[in-house]
Amino acid sequence: MSLRALRCRNVLLVLLTVSFTFASRASDEPPSSVAGRTDASDVGDGEAARPLTHFQPRYGHTVTVSTDGHILIAGGGREEGLVDWAETFDPRTRRFARTGRLNQPRTDHQALALPDGSVVVAGGMAATPQAPRERAANHPEVWEPVSGTWKMLREIRFEADERAHMGLRQDGSVLFLASREAGENEAEIPGAYRAWIWNVASGRVEPRSVEVAPRAGAGIAILPDGRVLFAGGARVEFFPGYSCAEGRDGQLAGEEAAGEERGDCKDEPAGWYGIPLDSAEIWDSRSGAVTAIDPLPHLWWMGSPVTRVLRNGSVVMARLRPLSPYADGRSVPLLWEAGSGKWRELPAITDGRDPASLVELADGTLAIRSGRLPPGAAAWSATPPLQDVEARLAELASGELLSISTTGVPLAIHDTQTGQWELPAVTVQPPPWSSGPTLLPLADGRLMVVAHVPDARPGGLGSFIWSPSDGLWRKGGRLKTMIGTPGQAIQLPSGRVLHLGRRDDHLVCETALPDGRDWQSCKNFVAEKVPDAKPRPWWEERSIALELLDDGRAIVLGHSEAFIFDEETLGWARTQVEWGQERLPFGTPVRPARPDAQVLDPRTGQWLDATAASTRYRELNHNGSPPRLFWNRERRHWEYAFDQTSPMGTHGMRLPDGCIASWRKDALAVFDPAAGLVTTYPAQDFSTDVPDGRTVLKDGTAVAVSTGGGDGAFKTRRIACNGFVTAAGQEATGSAPVPEERVEPASRAVPRASSPPRPAGAALWEYRWIALAIAGPAVFYALVRLLGRLLRRHEREQPAGDGPARPQVGSRGFRRTLRVILYGVALALALPLIANILIFKAVDAVEDSCVRKASGCLDAETGILRPVAALAREQTGADHTRIPCEYVGSWSYGRARKAMRIELQESGRYQLTENKDGTKGRAVDRGYWAVQGDNMLWRTSDPRVEMEVDVNSILAKDDAAFELQERDGSHTRFELIARGECSR
């Protein structure tokens, strides 16, 4: 054979070997898919119309009782400008509702109820919808109760600098009067009064001239007979000013100069000044006559007085500042008696803000926010004042006195027996708690709120119950003990409610039935120190955890001791705490090997599992990075245990569809146990300023509360696994979810006994046939050439003519024979290699090829793992493998402080995932699984790993778990997360 032919054969052999080697190593596995979740769809703007539950806070609004008994709240102002809102209150149903908006935003206006049930408003500081912060001329508006709309009386116009006055005359018509107040220049001095008479029945408007000298800040009252009372005020004149040194004229210069030296003379600048008047007069709108009446008792500076026309025709003017003889700035009301035409001082009101709430009751008593003045009384009787200075009082036909407010308690009722303002027993408005309330979802689906409320005595708490079925609040009772701060609450299986608060360094317990009416103290617990190893400052009032034990008893868990509640005696028993020593693993789900905490039962002396309480305790006691935990009491594991990087918040709450909801900052986080992932949804409109100020009720209604009254203090939304949904049709109504990296459906961690580590040269041994294919022909060729040279050298060294003749080594026959022998040996050595390359897997090399490559372990027909021959010989009925449906699904197990998830698929594949925060699940392994007899078979598909099929004995199996024995003798328990689809 020529050298060229030999080289060609060697190259072909090398190429053939390399191609077959790499072809046999190629992976035949398709790419794995990542299971996702269905996101919530885009949502609408809100829910269907519901009764008004709270107001947008504002000031300067009017509260008017219409003749049909309804109360109309109209207009007002806010920091950003005037508003055109209007609401009604129905005393029978105790419900507020929105009505039509004003045509012009306005505040500090007048309102008048008409006999037909309508209400007219006029004047005030008005604006246009296009410029709500700029004063504008305005027209009176009439509210129609049937349609809820407003109609403008364009025939009457009040200028921007005019005040409006109006009153109902005996003939049913309405008298309007405009007065212009004093300004800072000549163009703004009080102008002439203007008046109109509006015939309500015909709609006709007639102007009237008023021959009364204009005055600034006068008290003006329209009497039922059509006359108008003008009293007090000031005459505005221009004053040129003076200095104490020069005097206003030569005659006073010396005296004022002396006063300057004494210090009782002050310079006065030039300008328009009001000179107080004590005169009073009456203008008759029917005849136009003006009649002077008795002057006021003293000189008064009225400013913007509050005038009220009483039922007998008399007039009360309040918010008056006397110039003489008083100097303490009290507000002294004046009464003009219609019968005698005389003026009389009424007892002074200490708070100048109260006259704005002045009303006359049916018995003639005058009422303000902070007191009462019966007829003939010498002083106001004090009443615990409402905290809201903008509260307006209204007396119903039933005699009830109501307080209506848009910034504080929306509705309060005066109790004539106790003299206190009380919240109504049933209302649609949430209570205006003044501190962060305690929220307790009840077993019947309602919500209990315990908080400081204005009608509770200082430092006390009140309880309220809200029902999502009808949207009504029902007032509970007051807690008996003076508690400094709302705390924690829990409901026992019997329905009894426990509330635990803190006062100074003591815990205070009170209990009540589910209606929350009669609270009583829990025994022998008030005097105990806060159960903690070290003193805690007052702001860490949640350093203890109130929870239920598995037997339904309540437990207060601290760091070093605990208390167990005895419902029969309403007392607490101190007991010991033993904390588990295991480090908390992260993942989902997580089953502790032993209780995270246990307490000693005072009754039996047995240790009780307190993991539910320890879960709560761990979330409440942290250094800024609490773990995210949710304990499943029935299945005895944590549904998840995430580190502080998780978007999941603390205090998760179970939803009706099985998911778990929590909040972190301004986002709703929902954990799906079946998929093992957390999805977040924007919830800026569901924010709160109260720690633990959000909760979820039994029907999936989420509740968010904030401190104080007004809009946004109480918000509700329905939530489910896919985010915010409406209450009616379960359509999505929340914002679209924030895109999150999805966690692959957690495949069950496959505990398999891994092969021992290979030596460093094992990687080279894997490619031994390629090396042999490359080096073998070259070595063989070199040996043949070397042997030929040795033979030729030997032939040359043989002496001629010595001995008998021998065959010539270099002869053609001898060389041909030698080649046959050598090529025969080479062929005998190469045949096994060639057969292995062409056949891939010989019958006697199946086990070896499975070690090198996962696909070598699979059955060609079924695609699942082949039976292990040793098991088939040892166990009866273990001669084949199968994929039982009872194993198909997602499972969990713990390993090295990690909760692993494994998904066993019907195809015979598995996927193993670890997840520490609920969002970034990492697939750590994939491969194949099968059951052979009483054994579970595993084989990873990682091409970097060479191993034989791992065999684990199945020790136990039930509907929710199975347990395997590892090669090292340890046991691994698999907990069911969710069943998978299986048709086998």
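Residues numbered from 1 in each chain as written. Predicted model: local features only at pLDDT ≥ 70, side-chain atom pairs only at ≥ 80, totals over all residues. Heavy atoms only, no water.

A.B. asks: Got a minute to help me understand the overall build of the protein in this structure?
C.D. replies: Scanning the protein for helices and strands turns up eight helices and 70 strands. When each of the 984 residues of the protein is scored for burial, the buried share is 49%. For the protein, restricting intrachain contacts to residue pairs at least 6 apart in sequence, the fraction spanning at least 24 positions comes to 51%. Carbon and sulfur atoms make up 53% of the accessible area of the protein, which amounts to about 47,000 Å² in all. (Helix = DSSP H or I, 4+ residues; strand = E, 2+ residues; numbered from the N terminus. Buried < 20%, exposed > 50% of the residue type's maximum accessible area, 1.4 Å probe, protein only. Contact = heavy atoms within 4.5 Å. Areas by Shrake-Rupley, 256 points an atom, 1.4 Å probe, with all protein chains shown as cover.)

A.B. asks: I keep staring at the state of the cysteines and nothing clicks. Help me out?
C.D. replies: By definition, a disulfide is the covalent link that joins the sulfur atoms of two cysteine residues. Counted under the stated rule, the structure contains four disulfides. Across the disulfide, Cys 509 is cross-linked to Cys 522 (sulfur-sulfur distance 2.1 Å). Residues Cys 509 and Cys 522 are joined through a disulfide that is left-handed, its torsion about the S-S bond being -50 degrees. Here Cys 522 lies in the loop between strand S45 (520–521) and strand S46 (545–548) and Cys 509 lies in strand S44 (residues 506–512), a separation of 13 residues in the sequence. Both residues of the pair, Cys 509 and Cys 522, count as buried. A sulfur-sulfur separation of 1.6 Å characterises the disulfide bridge that pairs Cys 659 with Cys 721. Here the disulfide of Cys 659 and Cys 721 is right-handed, its torsion about the S-S bond being about 100 degrees. On the criterion of sequence distance, the pair formed by Cys 659 in the loop between strand S55 (653–654) and strand S56 (660–664) and Cys 721 in the loop between strand S61 (714–720) and strand S62 (723–725) is long-range, its members being 62 residues apart. Each member of the pair Cys 659 and Cys 721 is classed as buried. (Disulfide = S-S within 2.5 Å.)

A.B. asks: Honestly, the confidence of the model for the protein in this entry has me stumped. Any pointers?
C.D. replies: In low-pLDDT segments, the atomic positions of the prediction should not be examined closely. With 73% of its residues at a pLDDT of at least 70, the protein reaches an overall mean of 77. Mean pLDDT across the elements of the protein ranges from a minimum in helix H1 (residues 3–25), with 39, to a maximum in strand S9 (residues 119–122), with 97. Scored below 50 in pLDDT, residues 526–542 shows 39 contacts in the model against residues more than four places distant or in partner chains. In this model residues 839–845 is a low-confidence stretch, pLDDT under 50, and it forms four contacts with partners more than four residues away in sequence or in other chains. (pLDDT = per-residue confidence, 0-100.)

A.B. asks: In this structure, what is going on with the environment of Cys 850? I would like to understand it.
C.D. replies: Inspection of the secondary structure assignment puts Cys 850 in helix H7 (residues 846–852). Note on Cys 850: relative accessible area 7%, which makes it buried. Spatially, the C-alpha atom of Cys 850 lies 9.3 Å from that of Arg 939, the residues being 89 residues apart in sequence. Leaving out residues up to four positions away in the same chain, Cys 850 has contacts with Gly 856, Cys 857, Arg 939, Met 947 and Val 949.

A.B. asks: Just to check I follow, could you spell out the side chain of His 165 for this structure?
C.D. replies: Residue placement: His 165 occurs in strand S13 (residues 162–168). At a separation of 3.0 Å, a polar atom in the side chain of His 165 contacts the side chain of Ser 179. If we skip the residues at most four places from it in the chain, His 165 touches Leu 175, Phe 176, Leu 177, Ser 179, Ile 220 and Ile 222. (Polar contact = N/O pair within 3.5 Å; in protein donor to acceptor, adjacent residues only side chain to side chain.)

A.B. asks: Can you walk me through the side chain of Thr 615 in this structure?
C.D. replies: As for its placement among the helices and strands, Thr 615 is situated in helix H3 (residues 611–620). A polar side-chain atom of Thr 615 sits 2.9 Å from a polar atom in the side chain of Trp 638. Residue contacts for Thr 615: discarding those within four places in its chain leaves Leu 629, Phe 630, Trp 631 and Trp 638.

A.B. asks: Help me understand the sheet that holds strand S15 (residues 194–198) in this model?
C.D. replies: One key point about sheets: their strands pair by backbone hydrogen bonds, in either a parallel or an antiparallel sense. Read from one edge to the other, the open sheet built from four strands follows the order S13-S14-S15-S16, with strand pairing classed as antiparallel. Here the strands that pair on one side only, and so sit at the sheet edges, are S13 and strand S16 (205–209). Sheet twist, expressed as the mean angle between neighbouring strand axes with direction ignored, is 20 degrees. (Pairing = 2+ DSSP bridges. Axes fitted to C-alpha atoms, helices over the stretch in contact; angles between N-to-C directions.)

A.B. asks: Help me understand the sheet that holds strand S21 (residues 280–284) in this model?
C.D. replies: Taken in spatial order, the four strands of this open sheet run S17-S18-S21-S22, and their pairing is antiparallel. If you trace the sheet from one side to the other, it starts and ends with strand S17 (219–222) and strand S22 (290–293), each paired once. Neighbour to neighbour, the strand axes of the sheet diverge by 20 degrees on average, direction disregarded. In this sheet, S22 lies alongside S21 in antiparallel orientation, the contact comprising four bridges. Looking at the pairing, Trp 283 lines up with Val 290 of S22.

A.B. asks: I would appreciate a short explanation of the nonpolar core in the present structure.
C.D. replies: Side chains of a nonpolar character, in soluble globular proteins, are inclined to be buried together. Counting residues in each nonpolar core, the largest one holds 31 residues, and the members touching the most others are Leu 904, Trp 929, Met 936 and Trp 938. Contributions of two or more residues to this core are made by strand S63 (889–895), strand S64 (898–904), strand S65 (909–914), strand S66 (922–932), strand S67 (935–940), strand S69 (961–965) and strand S70 (971–979). (Core = buried A, V, L, I, M, F, W, Y, C linked by side-chain atoms within 4.5 Å.)

A.B. asks: How should empty space enclosed by the protein be read in this particular structure?
C.D. replies: Once rolled over the atoms, a probe with the size of a water molecule shows which space is left empty. One pass over the full model with this rule turns up six cavities of 30 Å³ or more. For the largest cavity, the calculated volume is near 100 Å³. What lines the largest cavity is a set of 14 residues, and nearest its centre among them are Leu 423, Pro 424, Thr 427, Gln 429 and Pro 431. In terms of residues, the lining of the largest cavity owes the most to one element, strand S41 (residues 473–478), which gives three residues. Tallied by class, the residues present in the lining of the largest cavity amount to 10 nonpolar, two polar and two charged. (1 Å grid on protein atoms, 1.4 Å probe; cavity = no way out; pocket = protein on both sides within 12 Å on 5 of 7 lines; lining within 4 Å. Points joined across faces, edges and corners; volume = space filled by probe spheres on them. Nonpolar A, V, L, I, M, F, W, Y, C, P; charged D, E, K, R; others polar.)

A.B. asks: Mind showing me how you'd approach the packing of aromatic side chains here?
C.D. replies: What describes a pair of aromatic rings is the distance from one ring centre to the other and the angle between the planes of the rings. Taken as a whole and assessed by the stated rule, the structure comprises 22 aromatic pairs. Taking the centre distance of 5.5 Å and the plane angle of 75 degrees together, the rings of Trp 631 and Trp 638 count as edge-to-face. Judged by its relative accessible area of 2%, Trp 638 falls in the buried class. An angle of 10 degrees between the planes, with centres 5.0 Å apart, marks the rings of Tyr 640 and Phe 642 as stacked. Here the two residues Tyr 640 and Phe 642 agree in accessibility, since each one is buried. In this structure an aromatic cluster arises from ring pairing among Tyr 887, Trp 891, Tyr 893, Tyr 910, Trp 929, Trp 938, Phe 962 and Phe 974. Against the face of Phe 724 rests Arg 717, its NZ or CZ located 4.3 Å from the ring centre. A cation over a ring is seen here: Lys 957 above Tyr 887, with NZ or CZ 5.3 Å from the ring centre. (Phe/Tyr/Trp six-rings, centres within 6.5 Å; stacked < 30°, edge-to-face > 60°. Lys NZ or Arg CZ within 6 Å of the ring centre and 35° of its normal.)

A.B. asks: When you look at the pattern of salt bridges in this model, what are you seeing that I'm missing?
C.D. replies: Oppositely charged side chains can form a pair if their charged atoms are brought close together. Under the counting rule described, the total for this entry stands at 38 salt bridges. When the shortest N-O distance is used, the salt bridge between Glu 281 and Arg 215 registers 2.9 Å. Taken together, the positions of Glu 281 in strand S21 and Arg 215 in the loop between S16 and S17 put the pair 66 residues apart, joining distant regions of the chain. Pair check on accessibility: Glu 281 and Arg 215 agree, each one buried. A salt bridge links Glu 360 to Arg 311, with the shortest nitrogen-to-oxygen separation between them at 3.6 Å. (Salt bridge = Lys/Arg side-chain N within 4 Å of Asp/Glu carboxyl O.)

A.B. asks: What exactly am I supposed to notice about the pairing of strand S38 (residues 438–441) here?
C.D. replies: Relative to strand S39 (residues 447–451), S38 is paired through four bridges, and the arrangement is antiparallel. For Leu 440, the partnering residue across the bridge sits in S39 and is Met 448. Between the end of S38 and the start of S39, which pair antiparallel, lie five residues, with Gly 445 showing a positive phi angle near 95 degrees.

A.B. asks: Would you mind showing me how to read unusual backbone geometry here?
C.D. replies: Residue Pro 589 is reached from Thr 588 by a cis peptide bond, and omega for that bond is -20 degrees. Relative to the helices and strands, Pro 589 is located in the loop between strand S50 (586–587) and strand S51 (597–600). One non-glycine residue with positive phi stands out, namely Leu 570, at about 55 degrees. Checked against the element boundaries, Leu 570 lands in the loop between strand S48 (561–566) and strand S49 (571–579). For His 651, which is not glycine, the phi dihedral falls at a positive 55 degrees. Here His 651 is to be found in the loop between strand S54 (637–642) and S55.

A.B. asks: Which parts of the structure should I look at to understand the environment of Ala 201?
C.D. replies: By secondary structure assignment, the location of Ala 201 is in the loop between S15 and S16. Put simply, Ala 201 and Ser 173 are 28 residues apart on the chain and 8.1 Å apart in space, counted from C-alpha to C-alpha.

A.B. asks: Would you mind showing me how to read the pairing of S49 here?
C.D. replies: The side chains of a regular strand alternate between both faces of the sheet. Judged from the six bridges that link them, S48 and S49 form a sheet pairing that is antiparallel. Counted as the bridge partner of Glu 561 is Gln 576 from S49. Connecting S48 to the next strand, S49, in antiparallel fashion are four residues, including Leu 570 with a positive phi near 55 degrees. Note that S49 and S51 share three bridges and pair antiparallel. If you follow Val 577 over to S51, its bridge partner there is Val 599.

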